[in-house]
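# Structure at a glance
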Amino acid sequence: MPPLPGLTPNGCRVVMLRGTDKDIATPNVVESMKATLMIGDIRLAEESVGVAGDVYVLDASVATPTHFAKFTPALVKKFLICVQEAYPVKLKEVHVINVSPIVDTIVNFVKPFLKEKIRERIHIHSNIEDLYKYVPKAMLPSEYGGDAGSCKELNDAWRAKMGEYTAWFKEQEASKANESLRPGAPKTADELFGMDGTFRQLTID
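So, how was this worked out
- Residues numbered from 1 in each chain as written.
- Predicted model: local features only at pLDDT ≥ 70, side-chain atom pairs only at ≥ 80, totals over all residues.
- Heavy atoms only, no water.
- Phe/Tyr/Trp six-rings, centres within 6.5 Å; stacked < 30°, edge-to-face > 60°.
- Buried < 20%, exposed > 50% of the residue type's maximum accessible area, 1.4 Å probe, protein only.
- Lys NZ or Arg CZ within 6 Å of the ring centre and 35° of its normal.
- Pairing = 2+ DSSP bridges.
- Helix = DSSP H or I, 4+ residues; strand = E, 2+ residues; numbered from the N terminus.
- Axes fitted to C-alpha atoms, helices over the stretch in contact; angles between N-to-C directions.

- Named according to an unreviewed UniProt entry, the chain is CRAL-TRIO domain-containing protein originating from Anopheles maculatus.

### Considering the packing of aromatic side chains
- Tallied over the full model, the rule gives three aromatic pairs.
- With a centroid separation of 5.2 Å and 70° between ring planes, the pair formed by Trp168 and Phe169 is classed as edge-to-face.
- For Trp168, a relative accessible area of 33% translates into the label partly exposed.
- Members of the aromatic cluster, joined through ring pairs, are Tyr165, Trp168 and Phe169.
- Its guanidinium or amino end placed over the ring of Trp158, Lys161 lies 5.9 Å from that ring's centre, counting from NZ or CZ.

### Digging into the sheet that holds strand S3 (residues 91-97)
- Taking strand neighbours across the sheet as the criterion, the four strands line up as S1-S2-S3-S4 in an open arrangement whose pairing is parallel. In the strand order of this sheet, the two ends are held by strand S1 (12-18) and strand S4 (122-124), each with one partner. Averaged over all pairs of adjacent strands, the angle between strand axes in this sheet comes to 15°, irrespective of strand direction.
- Bridging between S3 and S4 involves three bridges; their strand directions are parallel. Its bridge partner lying in S4, Val94 is registered against Ile122.

Now the structure itself:
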């Protein structure tokens, strides 16, 4: 899921998300979401020029029901609240390529947790040429006809960069909000994210 070099003509940063092999076991979903936010933290620290927003390109070619099953509603909700409410970056567009029947299920699963204006910015593409209307071809990795280098090269570069921030990330692990200093009532996880529940155990007022 590396951010790509350069900006679109509208001044947006493009982030590419793709799997490499449908037979590889799904990684720990929480750790994957954490890695996404860690990349966002580095970008906030290093972006020398303000960007107009983020454009995400999701390659769904290796998406399977087994992968999808590990994304629970509670996890998706918490992650998207962090992204939409806490991060000072605007989500401008989401583009999904190499679609399959499972993609419709995934998109419909995620949509209820998205703001209406973001739901309207999701584009499903039947071919790569249609994506070029929104994201310049030259900006994309070589696997998609672009000049940004291979996905492996881009991913390896970001792995190395994250390694450079190891000490800083360890410091951030100790950072906590002191809710006793907040004006008004303290914020709680239940207030921010709602009550986690299951169909077998419902919380009723």
